[in-house]
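Structural features, examined
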Amino acid sequence: MTPLLPSPDHYLQNLITMTSPEAKRLWRRAIKEHFNCQCVYCGETYELHELTLDHVRPKTYGGSDLTSNLVPSCRSCNQAKGSQNWLSWMRATFGYKPQQEQLITSWIN
Ligand SMILES: [Zn+2]
């Protein structure tokens, strides 16, 4: 398992890797592995390379690039959510899914 750290820079600072692209690659993989390669929105399981990382709070609304604002998402959910509020988008798309909502809420807080 790749250690889960708050940002790619932390992989460099902790000497887990020496290069910036590798730090970013490890960081992205650690987040996906933490969620067992599931899309947090639809709950489906994917291969590592099939998952994207989604900013829960969109960058356009001041969302950060830190681990706590990033979740694995399948391409379809990522694209459909866009820059909408994650909770209203999820409720409108999937109805009330307490498990998925709780997963995201505890991650971002
Ligand atoms: Zn999905």
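Everything below is about the structure printed above this text.
Residues numbered from 1 in each chain as written. Predicted model: local features only at pLDDT ≥ 70, side-chain atom pairs only at ≥ 80, totals over all residues. Heavy atoms only, no water.

1. Description of the pattern of salt bridges
- Counted by the stated rule, this structure contains 5 salt bridges.
- A salt bridge links Glu33 to Arg29; its shortest N-O distance comes to 3.7 Å. Here Glu33 pairs with Arg29, and both are found in helix 2 (residues 20-34), just 4 residues apart, close to one helical turn.
- The class of Arg29 is partly exposed, set by a relative accessible area of 27%.
- Notably, a salt bridge pairs Arg91 with Glu101, separated by 2.8 Å at the nearest N-O pair. Of this pair, Arg91 sits in helix 4 (residues 86-94) while Glu101 sits in helix 5 (residues 98-108), and the two are 10 residues apart along the sequence. (Salt bridge = Lys/Arg side-chain N within 4 Å of Asp/Glu carboxyl O. Helix = DSSP H or I, 4+ residues; strand = E, 2+ residues; numbered from the N terminus. Buried < 20%, exposed > 50% of the residue type's maximum accessible area, 1.4 Å probe, protein only.)

2. Considerations on the coordination of the zinc ion
- Distances from the zinc ion to its protein donors, Cys39 (SG), Cys42 (SG), Cys74 (SG) and Cys77 (SG), fall within 2.3 to 2.4 Å.
- Coordination at the zinc ion is tetrahedral: its 4 donor atoms span angles of 100 to 118° at the metal.
- Within one chain, the residues donating to the zinc ion are spaced in sequence as C-x2-C-x31-C-x2-C.
- When its relative accessible area of 0% is taken as the criterion, Cys39 is described as buried. (Donors = N, O, S within 2.8 Å, 3.2 Å for Na, K, Ca; no water. Tetrahedral: all angles 85-135°; square planar, octahedral: opposite > 155°, others 65-115°.)

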